[in-house]
Number of protein chains: 2
Amino acid sequence: MRVLAKAVTDIARKDVARTDSVQKAASRLEPGQAVELSGWVHRIRELGGVSFIMLRDRSGLVQLVLEEKTDLTLESVITVQGLAALNDKAPGGAEVRVQNLRVLSRAEPDLPFPVNGDVTKIGLDVILDNRPLSLRNPRIRSIFRVQSTIIEAFAEYLRKENFTEIKTSKLIGSGTEGGTGLFEVDYFDKKVYLAQSPQFYKQTMIASGLERVFEIAPAYRAEKHDTPRHLNEYVSLDVEMAFISSEADLIELEKHLLAHIFEALARTNAEDLALWNATVPDPDSVFKAPTIAHDEGLELARSEASRGGSTAGVSSKSGGGQSFFEISPEVERLLCAWAGREKGIELVFVNQFPRRHRPFYTYPSSATHTMSFDALFRGLEITTGGRRQEQYQALLDVLPRFGLKAEDLKDYLMVFKYGCPPHGGFAIGCERLTQKVLGLTNVKEASLFPRDRRRVSP
Amino acid sequence: MRVLAKAVTDIARKDVARTDSVQKAASRLEPGQAVELSGWVHRIRELGGVSFIMLRDRSGLVQLVLEEKTDLTLESVITVQGLAALNDKAPGGAEVRVQNLRVLSRAEPDLPFPVNGDVTKIGLDVILDNRPLSLRNPRIRSIFRVQSTIIEAFAEYLRKENFTEIKTSKLIGSGTEGGTGLFEVDYFDKKVYLAQSPQFYKQTMIASGLERVFEIAPAYRAEKHDTPRHLNEYVSLDVEMAFISSEADLIELEKHLLAHIFEALARTNAEDLALWNATVPDPDSVFKAPTIAHDEGLELARSEASRGGSTAGVSSKSGGGQSFFEISPEVERLLCAWAGREKGIELVFVNQFPRRHRPFYTYPSSATHTMSFDALFRGLEITTGGRRQEQYQALLDVLPRFGLKAEDLKDYLMVFKYGCPPHGGFAIGCERLTQKVLGLTNVKEASLFPRDRRRVSP
């Protein structure tokens, strides 16, 4: 009866789009009652002069029974009228016996790959080259329903905590942290750059008095990496908050955010998660995630590596006693595996990064370390953040050490020259979080139209 | 008592950021009870050895009483501890008698303009050149609280109607509608462009089977206009919906969306609206907005012009009997003035644009006209939309007339080659809607960091 109910929902919905009210109430139909459905031809089976058509729309599949042979092509969009009927042998236990069938848009028969097939057998390049078609596969499409929930839950939690959503320019007049890693744009008679992050604008909004802001927007990295963890364009889920004491306040906020996102996913995307055999962490377990100082994290990774490497099928390349000098992808995997084993969740916050590893605006916690952190989830860094320096003179003093000049940072420094509260923030990579929630092999799978060094279309 | 209550809320909130839970419940304080507040020094008045300081944060202003002279500078960020007290003469009827005061961040005394002054006396260039400071003015900051609500309500309504939020690339491999109006980006060894709209990606997602999608993202127009209605980078509120019959379904959806946005603004932004003497239309009145065919709209504008021009202080340059040949800014004002007078709301939907005024993908309603529409609100076009052509052969047929080649549109055409339902959509300009809700003179005022031909910073 479940598919029948779905079909009914669909009729109501599609009917609505054709009438003068998008809020028309849905009404229930019963077996034998007239049904009108629209969707894509997912599969066709002929049996003794009868055609069994699996009709697909975003809500699922329903079997149509046509008392004749058909020249329909796969992926054509059709509208049918018929009578709903129970049939134990049909998927979901119901089918529609077709009385009228109209082709709204006929698909050419030369599909480059079987849309209704097993996507694990199709290479990633084929999937991405044919994005308009591969997204029709229910399993692939489900990735982006999950992503939609992540974005919704992120904003929902922050609004509840009185954060204001902002939209800042992605075209910046100069590369404030130096020109490397920036894409250049021809802007009338000037050269400008695509923003790597809304970092400086978030800080401006803190100092403006909004105090708590978030932004959901694209960010750009002109890095030549071509790895399963990098994108040149990604969706950055950015947060900035005033009147914090240290990065501990930010880690606390991120735990609440992640717990809320996981709760929302478990509640609204159960079917999508099931398609990937994925589960989200229990929201309560998020608060058991450990925080480890950077230097201790490296030590712990060394001891984990000597213990025999990480879990979850990721074999450690390192022998016993190997030293690590930064939070490398290997260290990220080792620390998450350790947390999974010891704390019951593969989520680790690493804080107190050395000053040399962090940008000039990071607030120092000592002569050598900073109030900064990364969040590692299921073996991957999904967040970088920290408290920022808000003291004007301290910023002026630190610039030369980073090879920067106050003249080049005039707009940025104005934020601090005229009074700025203690503050900090972080960003979650939306595609990375999507990837790790579903267990996708490559972050590109979690971007609708990914951009890498070679790929600029579709 | 209102300010006291606000101060109390703030203590709770700021305290929260310093403790281990961002969800700690707020507790009420009573007059005489200890208060800790943080904020910006908005105004200082000395009177017989006593300093009266107006402390500002995003929730408002509160008076601090300090029993000594002070060397504080305006805009410095401070934290005070003291006792809450009632005082009928203080704004809001309450004040805080300071026991401890700590300067968190001292502002330099050379403010380029008075942040606490009347912003109508400051030129727009000064406001935008000094964005980090001008945003501290409560009236200016309120613009972006209104914008945050518009974005939230837009997404909220569409999610309720089962639309999925998508995030698509802003870097496109080729200018599908020709290269004019596009910003060029150096992308490794290639040239790519900043997307003018997510048009083609929205359509791809319709055909993918998501059926209903929306996107909130930046869009780029490399147009040399420098007018109060143009931005080179703006936030586009995009919608696309499958299984529609004509643009009438889209107009109906936009009415519901606008009604929902207006209702949300009236409910959550009453104080912000009051700062601009602005009111939003009654949500019910939105459904009284007329739809006029393009050609009739021009006729109506002619008769309105001859009637004596538009209202609201905009004088018509046209004498009696002037003809119009397109929906110009003057026509937009005349039609909205007419609707305001005759229908009680300055909102007009103009549909049935001639084919020559619309892009190649617009669905024809006749040999000469299209299933397209604009929405005009308070004298300004805020939306363009329409049904799109979903028939593969019809698209192939129409391309030559627009000087386009199928080879250059291969990715786009794949969407239709393999089955695409009837569909359409529209986009609302977020800054334009913000501008018209508040009655701002220039759309740049409604962009946090606006980009125009000359302005690329801050």
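Here the structure is a predicted model, which means the values were calculated and not measured.

(A) Up close: the relation of the copies chain B and chain A. Screw-axis analysis of chain B against chain A gives a translation of 0.0 Å along the axis, an RMSD of 0.0 Å, and a rotation angle of 180°. The transformation just described matches what one would write down for a two-fold rotation axis. The position closest to the rotation axis in chain B is occupied by the C-alpha of Val 185 of chain B, lying 2.2 Å away. Residue by residue, 99% of the interface of chain B is reproduced at the interface of chain A, so both copies engage with the same surface.

(B) Highlighting the sheet that holds strand β6 (residues 164-165) of chain A. Residue and element names in this part refer to chain A. Taken together, the eight strands give an open sheet; going across it, the order is β6-β10-β11-β16-β15-β14-β13-β12, and neighbouring strands pair in mixed fashion. Among the strands making up the open sheet, the edge pair consists of β6 and β12 (291-293). Strand direction decides the pairing type here: strand β10 (residues 212-220) and strand β11 (residues 233-242), joined by nine bridges, are antiparallel. Bridge pairing in β11 places Arg 212 opposite Met 241. Running at roughly 155° to β10, helix α4 (residues 138-160) makes contact with β6, β10, β11 and β16 (423-429) of the sheet.

(C) Region of the structure containing the sheet that holds strand β15 (residues 380-388) of chain B. All names here are of chain B. Overall, mixed pairing links the eight strands, which are arranged β6-β10-β11-β16-β15-β14-β13-β12 in an open sheet. Pairing within the sheet leaves two strands with one partner each, and these edge strands are β6 (164-165) and β12 (291-293). Looking at chain direction, β15 and strand β16 (residues 423-429) are connected through six bridges and run antiparallel. Pairing of Thr 384 across the sheet is with Ala 427, part of β16. On the sheet, helix α4 (residues 138-160) packs against β6, β10 (212-220), β11 (233-242) and β16 and is oriented at approximately 155° with respect to β10. Those strands touched by helix α6 (residues 247-268) are β11, β12, β13 (347-351), β14 (372-377), β15 and β16, and its axis lies near 35° from that of β16.

(D) Spatial organisation of the interface of chain B and chain A. Facing 111 residues of chain B, the contacting portion of chain A comprises 110 residues. With both sides pooled, the region where chain B packs onto chain A buries about 9400 Å², and carbon together with sulfur makes up 60% of that total. The largest share of the area that chain B buries against chain A comes from Phe 188, Phe 243 and Tyr 418 of chain B, three residues that together contribute 9% of it. Ionic pairing is found between Asp 110 of chain A and Lys 417 of chain B, a salt bridge with its closest N-O pair at 3.3 Å. Element by element, the count of residues in the side of chain B that touches chain A is highest for α4 of chain B, at nine residues. Tallied by class, the residues present in the side of chain B that touches chain A amount to 50 nonpolar, 22 polar and 39 charged. Here three bridges tie strand β8 (residues 184-187) of chain A to strand β8 (residues 184-187) of chain B, and the two strands are oriented antiparallel to one another. Opposite Glu 184 of chain A, over in β8 of chain B, you have Asp 186 of chain B as the bridge partner.

(E) Representation of the pairing of β8 of chain A. Residues and elements named next belong to chain A. The two faces of β8 differ: Val 185 and Tyr 187 on one face are buried, but Glu 184 and Asp 186 on the other face are not. Pairing between β8 and strand β9 (residues 190-194): four bridges, direction antiparallel. The residue of β9 that forms the bridge with Glu 184 is Tyr 193. Taken together, β8 and the strand that follows it, β9, pair antiparallel across an intervening segment of two residues, in which Phe 188 is found at a positive phi of about 50°.

(F) Local environment of helix α12 (residues 430-438) of chain B. All names here are of chain B. Counting buried positions over the nine residues of α12 gives nine, a clear majority of the element. When α12 is considered as a whole, its buried residues turn out to be Cys 430, Glu 431, Arg 432, Leu 433, Thr 434, Gln 435, Lys 436, Val 437 and Leu 438. Gly 439 sits one or two residues past α12 and shows a positive phi near 75°.

(G) Local environment of the UniProt feature "binding site: L-aspartate" (unreviewed entry) in chain A. All names here are of chain A. Following the UniProt record, the feature "binding site: L-aspartate" (unreviewed entry) maps to Glu 177, Arg 221, Thr 384 and Arg 388 here. Mapped onto the secondary structure, Arg 388 falls in strand β15 (residues 380-388). Overall, the relative accessible area of 6% leaves Arg 388 in the buried class. Polar side-chain contacts of Arg 388 include one of 2.8 Å to the side chain of Glu 240.

(H) Quick look at unusual backbone geometry. A cis amide bond, omega -5°, links Ser 457 of chain A with the succeeding residue Pro 458 of chain A. Following the sequence through the fold, Pro 458 of chain A ends up in the segment after α12 (430-438). Although it is not a glycine, Glu 211 of chain B adopts a positive phi angle of roughly 70°. With respect to the secondary-structure elements, Glu 211 of chain B resides in the loop between α5 (199-210) and β10.

(I) Focus on the environment of Gly 173 of chain B. Relative to the helices and strands, Gly 173 of chain B is located in the loop between β7 (171-172) and β8. Under the relative-accessibility criterion, Gly 173 of chain B is labelled partly exposed at 29%. Taking the C-alpha atoms as reference, Gly 173 of chain B lies 4.9 Å from Val 192 of chain B; in sequence the two are 19 residues apart. Residues contacting Gly 173 of chain B, with those up to four places away along its chain left out, are Val 456 of chain A together with Lys 191, Val 192 and Tyr 193 of chain B.

(J) Just the packing of aromatic side chains, in detail. Overall, the coordinates contain 30 aromatic pairs over all chains when judged by the stated rule. Put simply, the rings of Phe 200, Phe 360, Tyr 361, Phe 402, Tyr 412 and Phe 416 of chain A touch in pairs and so form one group of aromatic residues. For Arg 387 of chain B, the ring lying beneath its charged end belongs to Tyr 363 of chain B, and the centroid distance is 3.7 Å. The ring of Phe 188 of chain A is capped by Arg 453 of chain B, whose NZ or CZ atom sits 5.8 Å from the centre of that ring.

(K) Seen up close, the pairing of strand β1 (residues 34-47) of chain B. Residues and elements named next belong to chain B. As paired elements, β1 and strand β4 (residues 77-86) share seven bridges and run antiparallel to each other. Looking at β4, one finds that Val 35 is bridged to Gly 82. Where β1 lies against strand β2 (residues 50-57), seven bridges are found, and the strand directions are antiparallel. Within β2, the position partnered with Glu 46 by the bridge is Ser 51. In textbook terms, the turn of a hairpin is the stretch between consecutive antiparallel strands, and for β1 and β2 this stretch comprises two residues, one of which, Gly 48, has a positive phi near 55°.

(L) Spatial organisation of the pattern of salt bridges. With the rule as written, the count across this model stands at 57 salt bridges over all chains. Between Arg 229 of chain A and Glu 332 of chain A there is a salt bridge; the shortest N-O distance is 3.0 Å. Of the two residues, Arg 229 of chain A sits in the loop between β10 and β11 while Glu 332 of chain A sits in helix α9 (residues 329-343), which places them 103 residues apart along the sequence. In this pair, the class of Arg 229 of chain A matches that of Glu 332 of chain A, namely buried. Of the charged contacts, one joins Lys 167 of chain B and Glu 165 of chain B as a salt bridge, the two residues approaching to 3.6 Å between their closest N and O atoms. Given a relative accessible area of 6%, Glu 165 of chain B falls into the buried group. Here the salt bridges do not stand alone but share partners, grouping Glu 152 of chain A together with Arg 159, Glu 165 and Lys 167 of chain B into one network.

Reading the values: the criteria
Residues numbered from 1 in each chain as written. Chains lettered and ligands numbered in written order. Predicted model: local features only at pLDDT ≥ 70, side-chain atom pairs only at ≥ 80, totals over all residues. Heavy atoms only, no water. Least-squares fit on C-alpha atoms with pLDDT ≥ 70 in both. Contact = heavy atoms within 4.5 Å. Pairing = 2+ DSSP bridges. Helix = DSSP H or I, 4+ residues; strand = E, 2+ residues; numbered from the N terminus. Axes fitted to C-alpha atoms, helices over the stretch in contact; angles between N-to-C directions. Buried area = accessible area lost by both parts, 1.4 Å probe. Salt bridge = Lys/Arg side-chain N within 4 Å of Asp/Glu carboxyl O. Nonpolar A, V, L, I, M, F, W, Y, C, P; charged D, E, K, R; others polar. Buried < 20%, exposed > 50% of the residue type's maximum accessible area, 1.4 Å probe, protein only. UniProt positions renumbered as here; feature names shortened; annotations may be inferred. Polar contact = N/O pair within 3.5 Å; in protein donor to acceptor, adjacent residues only side chain to side chain. Phe/Tyr/Trp six-rings, centres within 6.5 Å; stacked < 30°, edge-to-face > 60°. Lys NZ or Arg CZ within 6 Å of the ring centre and 35° of its normal.

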